[in-house]
Amino acid sequence: MAAAVELTCLERWLGLRGGRKYGAQGERQVPVLQTNNSLSLTGLTTIAAYLVKQANKEYLLGNTAEEKAIVQQWLEYRVTRIDGPCGKEEVRILLKDLNSYLEDKVYLTGYNFTLADVLLYYGLHRFIVDLTVQEKEKYLNVSRWFCHIQHYPGIRQHLSDVIFVKNRLYTNAH
């Protein structure tokens, strides 16, 4: 999903009035926002954090110092590992690592929903939507987390609903 569309979705979800104009710069099309103070903010995570603060929902950036660091870690992960071109092997490694990480967590920070969950959901949607049922079962923790986030009120918006089968359609037994 293009960064401008993501940021517009985030604005809507945060309950902010629209009308912000997003541009893009450089070869990687890094998002840029002109603020009302004529300042220019650059980068998906920088602009997203700014929007969260504008909406007075700073808890989405983490409540404790540790949680804030974890949110920042995952926002950085989003920009450095998920954005840009990813081949099938890179996606497999990314999902395998994320699957292991989410083994004992509801959200990326543990038990609190944050901006990191929203931006990772938006970033991963293009990969998850193309997974087969078998691949989704292989990454069970990612599938559980992704399904949970897509049903969080107001998050999915225009994105297609990714279906996760609850009952196994096949078994390994012969």
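Being a predicted model, the structure only gives us computed values, none of them experimental.

Conventions and cut-offs
- Residues numbered from 1 in each chain as written.
- Predicted model: local features only at pLDDT ≥ 70, side-chain atom pairs only at ≥ 80, totals over all residues.
- Heavy atoms only, no water.
- Disulfide = S-S within 2.5 Å.
- Buried < 20%, exposed > 50% of the residue type's maximum accessible area, 1.4 Å probe, protein only.
- Phe/Tyr/Trp six-rings, centres within 6.5 Å; stacked < 30°, edge-to-face > 60°.
- Helix = DSSP H or I, 4+ residues; strand = E, 2+ residues; numbered from the N terminus.
- Pairing = 2+ DSSP bridges.
- Axes fitted to C-alpha atoms, helices over the stretch in contact; angles between N-to-C directions.
- Polar contact = N/O pair within 3.5 Å; in protein donor to acceptor, adjacent residues only side chain to side chain.
- Contact = heavy atoms within 4.5 Å.

Enquirer: For the state of the cysteines, give the residues involved together with the corresponding values.
Expert: The tally for this structure, following the rule as stated, stands at zero disulfides. Summary of cysteine pairing: Cys9 is not part of a disulfide, and the nearest cysteine sulfur, belonging to Cys147, is at 19 Å. On the basis of relative accessible area, Cys147 is assigned to the buried category, the value being 16%.

Enquirer: Which residues make up the packing of aromatic side chains, and what values go with them?
Expert: For the structure on display, the rule yields ten aromatic pairs. Measuring from centroid to centroid gives 4.8 Å for Trp74 and Tyr77, while their planes differ by 65 degrees, and the two rings are edge-to-face. Here Trp74 and its partner Tyr77 are both found in helix α3 (residues 65-82), three residues apart, which amounts to about one turn of the helix. Residue Tyr77 is classed as buried on the basis of its relative accessible area of 14%. A centroid spacing of 3.8 Å and a plane angle of 10 degrees characterise the contact between Phe113 and Tyr152, whose relative ring orientation is stacked. Here the residue Phe113 occupies a position in the loop between α4 (88-101) and α5 (115-128), and Tyr152 occupies one in the segment after α7 (140-150), the gap between them amounting to 39 residues.

Enquirer: Would you mind going over the sheet that holds strand β2 (residues 30-34) in detail, with residue names and values included?
Expert: Reading across the sheet, the three strands line up as β1-β2-β3 and stay open at both edges, with antiparallel pairing between neighbours. Taken across any chain shown, the strands that pair with only one partner, and hence form the sheet edges, are β1 (22-25) and β3 (40-42). Between one strand and the next, the sheet's axes are offset by a mean angle of 35 degrees, whatever the strand orientation. In terms of strand pairing, β1 meets β2 through four bridges, oriented antiparallel. The residue of β2 that forms the bridge with Gly23 is Val32.

Enquirer: Just give me the short version of unusual backbone geometry, but keep the residues and values in it.
Expert: Even without a glycine there, the phi angle at Gln29 is positive, about 55 degrees. Structurally, Gln29 can be placed in the loop between β1 and β2. Look at Gln29 and you get partly exposed, because its relative accessible area is 48%.

Enquirer: Outline the side chain of Gln150, listing residues and values.
Expert: Tracing the backbone shows Gln150 in helix α7. A polar contact is formed between the side chain of Gln150 and the backbone oxygen of Val162, at a distance of 2.7 Å. Ignoring sequence-local partners within four residues, the contact set of Gln150 consists of Tyr121, Arg156, Ser160, Asp161, Val162 and Phe164.

Enquirer: So what's going on with the pairing of β2? Residues and values would help.
Expert: Look at any regular strand and the pattern is simple: side chains alternate between the two faces of the sheet. Taking the residues between adjacent antiparallel strands as the criterion, β1 and β2 are bridged by four residues, where Gly26 takes a positive phi near 80 degrees. Relative to β3, β2 is paired through three bridges, and the arrangement is antiparallel. Along β3, the bridge assignment pairs Val32 with Thr42. Taking the residues between adjacent antiparallel strands as the criterion, β2 and β3 are bridged by five residues, where Ser38 takes a positive phi near 65 degrees.

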